[in-house]
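The chain contents come next:
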Amino acid sequence: MQATVTVTPAQLPGVLLHVAVVRPVFLWGAPGIGKSSLVRDFAASLGLECVTLLGTQLAPEDLIGVPELVDGRSRFAPPESIARDEPYCLFLDELNASAPEVQKAFYSLILDRRIGAYELPEGSVVIGAGNRATDNALARPMASALVNRLVHVHLRASATDWLTWATDNAIHPWIVEYLIQRPDHLWSAPPKTEEPFSSPRAWHMLSDVMRSYGDDLDDDTLAMLAFGTLTTAHASAFRAYVKTVRHAYDLDAVIKGEVPWPRGPEDRDLLYFLSETFRARLMKELPADKRGASARGRDLAFRAKTLLVELAEISLECAQLVIANDANGAPALPVWFLVEVGRDLPRLVAARN
């Protein structure tokens, strides 16, 4: 299912508060962006117990129950996990990954809030969640009858929301500080191959294992952990960032001329990280129109050209990375700045082209 309008994790509780209390909701989102934890937190905010059923682990009889005789008549006895006396939040996780027979068994529970003779207590809410087929996750087509029984909400990852949450939940400060600088590294599209990929859940896992090691976390161990939880590019960049923290080697010091670009072969990942960060700084601080540049912006542009010369002497590839076009082939940096670079540093631009 394609998303037309999406919501962030911070917006979701307000949506659920108005929608889930009157109609069943299905929450779509990529793996690892926090769907399950958001539903549990929402249930807790209403004072409801959250009962989770995993669609991939269910058979139809797990929902409709088994037949029993009562006064000479048979009826289906719903499972204890569902048949409760007090209102609760029924969370149907991985609903669209369940077998068609299981999805069909949910119909009456979702729309009519009942299974056989049992009806959900007044005040209960029903929320489903699942991944999209485009996420390379387990997902089966959802029958139109089931689609039409749910209000569909699409969740997107938000670095701002996650960082706000992270500062209150003991996420490792190196991870928080890194993602403040590189919020675009919070999430990456799930790959088609079996390999780690970046997500809020992956960063949370990395934080937990880093804290478990504590002061015994050396660079080789950090590399093993980072490459075991994140995409290769993000793991490499994060490892380089930690080097800058440990060795007090940051971009501001390079821009001010207090320290040079790292030159050692062993610091190649550090040089690549600083180059990426330098590019991000220029994208953020250089104005689109030179006439609107502040004194600080003009000073940064002048200093940047000097730094590009120094960087090209060490690694032409890293210097080209700074001024490279974006993924769509359009200039990532202001055109006026690129024109000045082309005039003052023709070798760099020629190599780039």
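Overview of the structure. (Residues numbered from 1 in each chain as written. Predicted model: local features only at pLDDT ≥ 70, side-chain atom pairs only at ≥ 80, totals over all residues. Heavy atoms only, no water.)

Focus on the nonpolar core
Grouped together as the largest cluster of nonpolar side chains are 57 residues, with contacts concentrated most on Trp203, Phe238, Trp261, Phe278 and Phe337. The dominant element in this core, judged by the number of residues it contributes, is helix α14 (residues 295-314), at 8 residues. Sequence-distant contacts of Trp261, defined by excluding residues within four places in its chain, comprise Tyr249, Leu251, Val254, Leu271, Leu274, Ser275, Phe278, Leu307, Glu310, Leu311 and Ile314. (Core = buried A, V, L, I, M, F, W, Y, C linked by side-chain atoms within 4.5 Å. Buried < 20%, exposed > 50% of the residue type's maximum accessible area, 1.4 Å probe, protein only. Helix = DSSP H or I, 4+ residues; strand = E, 2+ residues; numbered from the N terminus. Contact = heavy atoms within 4.5 Å.)

Focus on the pairing of strand β6 (residues 88-93)
For β6, a buried count of 6 out of 6 residues is recorded, marking the element as mostly surrounded by other parts of the structure. Residues of β6 alternate between two faces, with Tyr88, Leu90 and Leu92 on one and Cys89, Phe91 and Asp93 on the opposite face, all of them buried. Relative to β6, strand β3 (residues 49-54) is paired through 6 bridges, and the arrangement is parallel. Residue pairing across strands places Leu54 opposite Asp93, the latter belonging to β6. As defined by bridge partners, β6 adjoins strand β9 (residues 125-130) across 5 bridges and the pair is classed as parallel. (Pairing = 2+ DSSP bridges.)

Things to note about the sheet that holds strand β10 (residues 151-155)
An order of β1-β10-β2-β9-β6-β3 is seen for the 6 strands of this open sheet, with the pairing classed as parallel. Of all the strands in the sheet, just β1 (6-7) and β3 have a single pairing partner and so form its edges. Bridging between β1 and β10 involves 2 bridges; their strand directions are parallel. Paired with Thr6 across the strands is His154, a residue of β10. Relative to β10, helix α1 (residues 12-19) is tilted by about 175°, and along the sheet it contacts β1, β2 (25-28), β9 and β10. Together, β2, β3, β6, β9 and β10 form the strand contacts of helix α2 (residues 35-45), whose direction differs from that of β6 by roughly 170°. (Axes fitted to C-alpha atoms, helices over the stretch in contact; angles between N-to-C directions.)

Focus: the packing of aromatic side chains
Counted according to the given criterion, the structure contains 10 aromatic pairs. The interplanar angle of 40° and the centroid separation of 5.8 Å between the aromatic rings of Tyr178 and Trp203 together place this pair among those described as tilted. Of this pair, Tyr178 sits in helix α8 (residues 173-181) while Trp203 is found in helix α9 (residues 200-213), placing the two residues 25 residues apart along the sequence. As far as the burial class goes, Tyr178 and Trp203 line up, both buried. Judged by centre distance (6.2 Å) and plane angle (85°), the ring pair of Trp336 and Phe337 falls under edge-to-face. Each member of the pair, Trp336 together with Phe337, is buried. In this structure an aromatic cluster arises from ring pairing among Tyr178, Trp203, Phe238, Tyr241 and Phe273. Note that Arg84 overlies the ring of Tyr88, its terminal NZ or CZ placed 5.6 Å from the centroid. (Phe/Tyr/Trp six-rings, centres within 6.5 Å; stacked < 30°, edge-to-face > 60°. Lys NZ or Arg CZ within 6 Å of the ring centre and 35° of its normal.)

Regarding the environment of Leu271
Position of Leu271 relative to the elements: it lies in helix α13 (residues 268-285). Between the C-alpha atoms of Leu271 and Trp187, which are 84 residues apart in sequence, the distance is 23 Å. With near-sequence residues (within four places) excluded, Leu271 lies in contact with Trp261, Pro262, Leu311, Ile314, Ser315 and Cys318.

Focus: a nonpolar patch on the surface
Taken together, the side chains of Leu17, Val21, Val22 and Leu46 define a hydrophobic patch exposed on the protein surface, amounting to about 330 Å² of accessible area. By the secondary structure assignment, Leu17 is in helix α1. (Patch = residues over 30% accessible without salt bridge, like charges linked within 9 Å, V, L, I, M, F, W, Y side chains within 5 Å. Areas by Shrake-Rupley, 256 points an atom, 1.4 Å probe, with all protein chains shown as cover. Salt bridge = Lys/Arg side-chain N within 4 Å of Asp/Glu carboxyl O.)

What about the pattern of salt bridges?
The final tally for this structure, using the stated rule, is 14 salt bridges. As a salt-bridge pair, Arg84 and Glu49 come within 3.0 Å of each other at their nearest N and O atoms. Taken together, the residues span a long stretch of sequence, with Arg84 in the loop between β5 (73-77) and β6 and Glu49 in strand β3 at a distance of 35 residues. For Arg84, a relative accessible area of 25% gives the class partly exposed. What makes Glu49 partly exposed here is its relative accessible area of 47%. A single salt-bridge network, built from bridges that share partners, covers Lys290, Lys305, Glu340, Arg343 and Asp344.

Read these as geometric descriptors, not functional statements.
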